[in-house]
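Structural description and commentary
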Amino acid sequence: MRTASVTRETAETAITVEIDLDGTGSYDNATGVGFFDHMLDQLARHALIDMKISAKGDLHIDDHHTVEDVGITLGKALTEAMGDKRGITRYGACLLPMDDALLRAALDLSGRPFLVWNVDFPTQKIGTFDTELVREFFQAFSTHGGITLHVDALHGFNSHHIAEAAFKAVARALRDALEADPRKADAIPSTKGTL
């Protein structure tokens, strides 16, 4: 079973993440940040990861700590659930259109975190949500999930569409990378013998 439950508590946030990498994409995400919950729902649904996230954060200040700390906790849960990564495909990529937006995501579950982020938003806010927090989430998620992640916005003029396409593109790439490799189901996908 590729599952994990991780709790992280700081003076700023209290977060619990439960995931099943072999799920159907069911979700129950409650962070107190409406738009962010919508994006996490997209991540779960399109990666086919069952995901339950509960977060209580210092939203009276802003959304930053909550969004970043969810990324940290989700990354840690992903690392735990993958175990030694035996049998996974390891790499995934997706070119995802959403109306005016076209986003490309490519990733490697290498254990070597690195984020390349070429995404600009035409507005600073989506409702009350700061668009710069999209990058903050993926920075935290890739760092603590040990993911080399490249995200590029090729087109787009609607900030909501750009953000949602980014989450969906990463989700689809993650789904492919986590799938079992039918030709190497018992092997760790590296010449090093470890990831």
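Quick caveat: nothing in here was measured; it's all calculated off a predicted structure. (Residues numbered from 1 in each chain as written. Predicted model: local features only at pLDDT ≥ 70, side-chain atom pairs only at ≥ 80, totals over all residues. Heavy atoms only, no water.)

Sheets are built from strands paired through backbone hydrogen bonds, the pairs being either parallel or antiparallel. With mixed pairing, four strands are arranged side by side in an open sheet as 1-2-4-3. Each edge of the open sheet carries a strand with a single partner, namely strand 1 (3-9) and strand 3 (27-30). The sheet shows a mean angle of 5° between the axes of neighbouring strands, direction not considered. Contacts from helix 1 (residues 34-47) reach strand 3 and strand 4 (50-57) within the one sheet, and its direction differs from that of strand 3 by about 155°. Where helix 2 (residues 64-82) meets the sheet, its contacts fall on strand 1, strand 2 (13-20) and strand 4, and the angle it forms with strand 2 comes to roughly 35°. (Pairing = 2+ DSSP bridges. Helix = DSSP H or I, 4+ residues; strand = E, 2+ residues; numbered from the N terminus. Axes fitted to C-alpha atoms, helices over the stretch in contact; angles between N-to-C directions. Contact = heavy atoms within 4.5 Å.)

Time to look at the side chain of threonine 131. With respect to the helices, strands and loops of the structure, threonine 131 is situated in the loop between strand 9 (129-130) and helix 3 (132-145). Excluding its chain neighbours within four sequence positions, the residues that come into contact with threonine 131 are Phe121, Thr123, Gln124, Lys125, Ile126 and Ser159.

Where helix 3 meets helix 4 (residues 159-178), the axes come as close as 11 Å, and the angle between the chain directions of the two elements is 20°. As summarised for this structure, helix 3 and helix 4 are arranged roughly parallel, according to the angle between their axes. The two elements helix 3 and helix 4 cross, and the hand of that crossing is right-handed. In this structure, helix 3 uses Val134, Phe137, Phe138 and Phe141 to contact helix 4, whose residues at the interface are Ala163, Ala166, Phe167, Val170 and Leu174. Class assignment of the residues belonging to the contact of helix 3 with helix 4 gives a composition of nine nonpolar, no polar and no charged. (Parallel < 35°, antiparallel > 145°, perpendicular 65-115°, else oblique. Left-handed = near helix turned anticlockwise from the far one by under 90°. Nonpolar A, V, L, I, M, F, W, Y, C, P; charged D, E, K, R; others polar.)

Before going further, it helps to spend a moment on empty space enclosed by the protein. All told, the structure shown has one cavity of 30 Å³ or more when counted by the stated rule. Each pocket or cavity is described by its volume, and for the largest cavity that value is around 50 Å³. Among the elements of the structure, helix 1 and helix 2 are those that each provide at least two residues to the lining of the largest cavity. (1 Å grid on protein atoms, 1.4 Å probe; cavity = no way out; pocket = protein on both sides within 12 Å on 5 of 7 lines; lining within 4 Å. Points joined across faces, edges and corners; volume = space filled by probe spheres on them.)

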